[in-house]
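One-letter residues, chain by chain:
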Amino acid sequence: EIKEDKECFICLHLLKLATVFDLKEEGSRRHLSSIIHQVLCSPTTHEELIESCVHVLSASNDSEVSFLQSISEVLASTIESLDEMNSSNEEKQSQYLRATEILS
């Protein structure tokens, strides 16, 4: 648990740094957005990282419309993965909670 806390702490600080990156170059924005998309869709991502990931995703999009599109893609991926897997009710609830955390 201590190792996980340290990793989460480091990730939170890296995510804070990511919000101040110079993202004028489209390739950099797309790459960062893709990485954050994967992190948000992963069921193993620590819940404390969700809010910071959403902030980074917002910073990596050049308009509110593209940010909302990215968030909707994350939510669709999260819900799609539940439909494809034969998940237990507990796993499904966990993913729905993750979707709610992303939206809040």
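Only a predicted model underlies this, so the values are computations on that prediction, with no experimental measurement involved. (Residues numbered from 1 in each chain as written. Predicted model: local features only at pLDDT ≥ 70, side-chain atom pairs only at ≥ 80, totals over all residues. Heavy atoms only, no water.)

## Points about the nonpolar core
Ile36, Leu40, Val54, Leu57, Ile71 and Ile102 are the most contacted members of the largest nonpolar core, which has 21 residues in total. Put simply, the parts of the chain that give this core at least two residues each are α1 (2–18), α2 (26–41), α3 (50–59), α4 (64–84) and α5 (89–103). Here this core gets five residues from one element, more than from any other, and that element is α3. Setting aside residues no more than four positions away along its own chain, Ile71 makes contact with Val54, Leu57, Ile102 and Leu103. (Core = buried A, V, L, I, M, F, W, Y, C linked by side-chain atoms within 4.5 Å. Buried < 20%, exposed > 50% of the residue type's maximum accessible area, 1.4 Å probe, protein only. Helix = DSSP H or I, 4+ residues; strand = E, 2+ residues; numbered from the N terminus. Contact = heavy atoms within 4.5 Å.)

## Some thoughts on the confidence of the model for the protein chain
Taken as a whole, the protein chain shows an average pLDDT of 85; of its residues, 93% reach a score of 70 or greater. Looking over the protein chain, one finds the lowest element-wise mean pLDDT in α5, namely 78, and the highest in α3, namely 92. (pLDDT = per-residue confidence, 0-100.)

## Here we look at the packing of α2 against α3
Interhelical geometry of α2 versus α3 gives an angle of 155° and a closest axis separation of 9 Å. Classified by the angle between their axes, α2 and α3 sit roughly antiparallel to one another. In terms of crossing hand, the pair formed by α2 and α3 is left-handed. Each of Leu32, Ser33, Ile36, Val39 and Leu40 in α2 lies in contact with α3, whose residues at this interface are Ile50, Cys53, Val54, Val56 and Leu57. For the contact of α2 with α3, a count of residues per class yields nine nonpolar, one polar and no charged. (Axes fitted to C-alpha atoms, helices over the stretch in contact; angles between N-to-C directions. Parallel < 35°, antiparallel > 145°, perpendicular 65-115°, else oblique. Left-handed = near helix turned anticlockwise from the far one by under 90°. Nonpolar A, V, L, I, M, F, W, Y, C, P; charged D, E, K, R; others polar.)

## So, a nonpolar patch on the surface
There is a patch of nonpolar side chains on the surface, built from Phe9, Ile10, Leu14, Leu17, Val20 and Phe21 and spanning about 640 Å² of accessible area. Position of Phe21 relative to the elements: it lies in the loop between α1 and α2. On the basis of relative accessibility, which here comes to 46%, the residue Phe21 falls in the partly exposed class. (Patch = residues over 30% accessible without salt bridge, like charges linked within 9 Å, V, L, I, M, F, W, Y side chains within 5 Å. Areas by Shrake-Rupley, 256 points an atom, 1.4 Å probe, with all protein chains shown as cover. Salt bridge = Lys/Arg side-chain N within 4 Å of Asp/Glu carboxyl O.)

## Quick look at α2
Three- or four-residue spacings in an α-helix give side chains the same orientation, since the helix completes a turn every 3.6 residues. A rise of 1.5 Å per residue sets the reference length of α2, with its 16 residues, at 22 Å; its end C-alpha atoms lie 22 Å apart and thus fit the reference within 8%. Within α2 the residues assigned to the buried category are Arg29, Leu32, Ser33, Ile36, Leu40 and Cys41. Looking down the long axis of α2, one finds its buried residues gathered within 160° of arc, a one-sided arrangement. Every exposed residue of α2 that faces more than 90 degrees away from the buried side is listed here: Arg30, His31 and Gln38. Structurally, the start of α2 carries an N-cap: the backbone nitrogen of Gly27 is 3.0 Å from a side-chain oxygen of Glu25. (Expected span 1.5 Å × (residues − 1). Arc of directions from axis to C-beta. Polar contact = N/O pair within 3.5 Å; in protein donor to acceptor, adjacent residues only side chain to side chain.)

## Observations concerning the pattern of salt bridges
Counted according to the given criterion, the structure contains two salt bridges. Salt-bridge contacts for Glu26 lead to Arg30; the nearest nitrogen and oxygen are separated by 2.4 Å. Placement of the pair is Glu26 and Arg30 together in helix α2, with a separation of four residues, close to one helical turn. Relative accessible area serves as the criterion here: at 57%, Arg30 is assigned to the exposed category. The salt bridge involving Asp62 is made with Arg29; its shortest N-O contact spans 3.6 Å. Separated by 33 residues along the polypeptide, Asp62 in the loop between α3 and α4 and Arg29 in helix α2 bring together distant segments of the chain. For Arg29, a relative accessible area of 13% puts it in the buried group.

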